[in-house]
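# Structure assessment
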Amino acid sequence: MTQPPAPPAGCPVPHGPAPLSGPRFQTEPTRLYREMRRDHGAVAPVVLDGDVPAWLVLGYRELHQLTNDPVLFSRDSDLWNQWDRIPDDWPLLPMIGRKQPSILYTVGPRHTERAAMISNALEAVDPFALKRYAEDFADTLIDRFCSKGGTDIIADYAMLLPALVLAKIYGFGSDTGFALVGSINDMIDGRERALAGQQHLASSMIQLLVDKHAEPADDVATRMLADPGGFTDEEIVQDLMVMMAAGHQPTADWMGNSLRLMLTDDRFAASLSGGRHSVAEAMNEVLWEDTPTQNVAGRWASRDTHLGGRHIQAGDLLLLGIAAANGDPQVRTDGSSLTGGNNAFLSFGHGEHRCPFPAQETAEVIARTGIEVLLDRLPDLDLAVPAEDLTRRPSPWLRGLTELPVTFTPTPALGGH
């Protein structure tokens, strides 16, 4: 990678690459991105674990340019010019894989075929059944704590519901979702248990396909196996892993971040007594201001090029700064909050590698249903700690709360789930 250009005259100390880690990603990401943009422009040099260099694309227009050109900015990780520096136990390997036969790293016509397979398999899910599963699992989880008068919404609810619903529609037995949650979280957080989490998730998906070969059913995994594209079991396992990880954790954080906003912002107080419109507005605002998907790895330059005034060398890794781009002052000139129907955020990505539309719909149904059922069952939900005491998980990739302690009037369990 090239080094940043010399600082302007009058600036005594050059600003070096910023580490893509540290507490500021939890405590003040907006200010951190603003400082990075001030010091480096729309494309900033960063370093990953082990001092591995990369570029973080902070600009909204630059991110559009990158995601609209999948040939120049490829998803093929074999292009990376840093592989000789990456050890086998690098904790970010689950996030930045090599020779991984999943849709994430497939390019060209084959990517288009795989995206269609996934979209078709998800689109065939009955929307009424999906909502019913979300409601049933939500009630089951709430029954566990509703008589106690208090709980941690993250650990006891948001971090469980998406995996349970996704496991159900993918074709797992009803008890498997609980076991998958820990593995997914370990894998995404990119720390010492990341590789073990990835391995457990993979073995679960392999067993799922064994079961579906033996007994096909009306579920996502069976439909993927029956796809006329002729995909191997290994390819389908990898894609199911991507779908589960990308579908669970961001959706859990979308729920948690939306509930935090509704419990701490007077504009959404009406939602706590059943205002459906405000739930949708809160969820939309979170995708702009507090998006679960902060940064995404990545794209690799297929040749030397320029982006945002930077010279990008062939093989350089570029990270998609989703949160920074959503807040880019070049497109958010007045700095005001965005709610309602403005969906120009980049929280689901952009271009041919964006999150498939049926997957977005699935995530929205799960998150919105989870919030609505919770507020219906516990209408006087309130924070149990001062808002400023809430903390975030230590991840530059996904932004979510470590806990969301709440109180409420104890109510009896519904039972019968």
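Residues numbered from 1 in each chain as written. Predicted model: local features only at pLDDT ≥ 70, side-chain atom pairs only at ≥ 80, totals over all residues. Heavy atoms only, no water.

## Some points on the sheet that holds strand S9 (residues 317–321)
The strands making up a sheet are joined through hydrogen bonds of the backbone, oriented either antiparallel or parallel. For clarity, the threshold we go by: DSSP-based pairing: two strands are paired if at least 2 bridges between them are found. Secondary structure counts use DSSP, requiring at least four H or I residues in a row for a helix and at least two E residues in a row for a strand, with both numbered from the N terminus.
Here six strands make up an open sheet; going across it, the order is S1-S2-S3-S9-S6-S4 and the pairing mixed. Both outer strands of the open sheet, strand S1 (18–19) and strand S4 (73–74), are each paired with one neighbouring strand and no more. Of the strand pairs in this sheet, strand S2 (residues 43–48) and strand S3 (residues 52–57) are connected by six bridges, and their pairing is antiparallel. Across the sheet, Leu 48 pairs through a bridge with Val 52, a residue of S3.

## Topic: the environment of Asp 51
Rules: Accessible area is worked out with a 1.4 Å probe on protein chains only. A residue is then buried under 20% of its type maximum, exposed over 50%, and partly exposed in between.
Following the sequence through the fold, Asp 51 ends up in the loop between S2 and S3. A relative accessible area of 56% places Asp 51 in the exposed class. Along the backbone, Asp 51 and Arg 85 are 34 residues apart, and their C-alpha atoms lie at a distance of 9.6 Å.

## Examining the nonpolar core
One recurring pattern in soluble globular proteins is that nonpolar side chains are buried together. Using the following cut-off: In these notes, a set of buried Ala, Val, Leu, Ile, Met, Phe, Trp, Tyr and Cys residues joined through side-chain atoms within 4.5 Å is what counts as a nonpolar core. Note on contacts: a residue pair qualifies if any of its non-hydrogen atoms lie within 4.5 Å across the two residues.
Counting 77 residues, the largest nonpolar core has Tyr 157, Tyr 170, Leu 240, Met 244 and Leu 404 as the members making the most contacts within it. At 14 residues, helix H11 (residues 233–264) tops the list of elements feeding residues into this core. Excluding residues within four positions of it along the chain, Tyr 157 makes contact with Ala 138, Leu 141, Ile 142, Phe 145, Asp 152, Met 255, Gly 370, Val 373 and Leu 374.

## A word on unusual backbone geometry
Omega for the bond connecting Ala 297 with Gly 298 falls within 30 degrees of zero, at -15 degrees, which places this linkage in the cis form. You can see Gly 298 is positioned in strand S6 (residues 295–301). Residues other than glycine seldom take positive phi values, yet Asp 51 does so here, at roughly 60 degrees.

## Overview of the environment of Gly 415
Along the chain, the position of Gly 415 falls in the segment after strand S11 (405–407). Taking the C-alpha atoms as reference points, Gly 415 and Asp 139, separated by 276 residues in sequence, lie 8.3 Å from one another.

## A few points about the sheet that holds S11
With respect to topology, three strands assemble into an open sheet ordered S5-S11-S10, the strand pairing being antiparallel. Each edge of the sheet is formed by a strand with only one pairing partner; in this case those strands are strand S5 (150–152) and strand S10 (382–383). As defined by bridge partners, S5 adjoins S11 across three bridges and the pair is classed as antiparallel. Bridge pairing in S11 places Asp 152 opposite Pro 405.

## Quick word on the side chain of Asp 253
Among the secondary structure elements, Asp 253 is positioned in helix H11. Since its relative accessible area comes to 3%, Asp 253 is described here as buried. Aside from chain neighbours lying at most four places away, what touches Asp 253 is Pro 292, Arg 393, Leu 398, Arg 399 and Gly 400.

## So, the packing of helix H9 (residues 194–214) against H11
Under the convention used in this document: Helix axes are fitted only over the stretch in contact, all axes being lines through C-alpha atoms; the angle between N-to-C directions runs from 0 to 180 degrees. An angle counts as roughly parallel when it lies under 35 degrees, as roughly antiparallel when it exceeds 145, as roughly perpendicular when it falls between 65 and 115, and as oblique in every other case. Handedness of a crossing is defined here by the sense of rotation of the near helix relative to the far one, left-handed for an anticlockwise turn of less than a right angle and right-handed for a clockwise turn. Residues were grouped as follows: Ala, Val, Leu, Ile, Met, Phe, Trp, Tyr, Cys and Pro as nonpolar; Asp, Glu, Lys and Arg as charged; and all remaining residues, including Gly, as polar.
Two elements in contact, H9 and H11, have axes separated by 9 Å at closest approach and are oriented at 125 degrees. What the angle tells us is that H9 and H11 run oblique. Once H9 is placed against H11, the crossing between them reads as right-handed. Within the contact between the two elements, H9 uses Gln 198, Leu 201, Ala 202, Met 205, Ile 206, Leu 208, Leu 209 and His 213 and H11 uses Asp 233, Ile 236, Val 237, Leu 240, Met 241 and Met 244. Of the residues that constitute the contact of H9 with H11, the class distribution is 11 nonpolar, two polar and one charged.

## Focus on the pattern of salt bridges
Which entries qualify depends on this criterion: Any Lys or Arg side-chain nitrogen found within 4 Å of a carboxyl oxygen on Asp or Glu counts as a salt bridge.
Going through the model one piece at a time under the given rule, you end up with 18 salt bridges. For Asp 143, the salt bridge is made with Arg 377, and the minimal N-O distance between the two is 2.7 Å. Here Asp 143, found in helix H5 (residues 127–145), pairs with Arg 377, found in helix H14 (residues 357–377); they are 234 residues apart in sequence, far enough to count as distant. The exposure classification of Asp 143 matches that of Arg 377, with both residues buried. Residue Glu 372 is joined to Arg 368 by a salt bridge in which the shortest nitrogen-to-oxygen separation is 2.8 Å. Residue Glu 372 and its partner Arg 368 are both found in helix H14; the two are separated by four residues, about one turn of the helix.

## With respect to the packing of aromatic side chains
Working definition: an aromatic ring pair is given by the centre-to-centre distance plus the angle between the planes. The criterion, for reference: For Phe, Tyr and Trp, rings pair up if their centres lie within 6.5 Å, where Trp contributes its six-membered ring, and each pair is then called stacked (planes under 30 degrees apart), edge-to-face (over 60) or tilted (otherwise).
Going through the model one piece at a time under the given rule, you end up with five aromatic pairs. Ring plane angle 55 degrees and centroid distance 6.2 Å describe the contact between Phe 145 and Phe 408, whose orientation is recorded as tilted. In this pair, Phe 145 sits in helix H5 while Phe 408 sits in the segment after S11, placing the two residues 263 residues apart along the sequence. Judged by relative accessible area, Phe 145 falls into the buried class, the value being 2%. A relative accessible area of 6% places Phe 408 in the buried class. A connected cluster of aromatic rings, assembled from ring pairs, spans Trp 80, Trp 83, Trp 90 and Trp 300.

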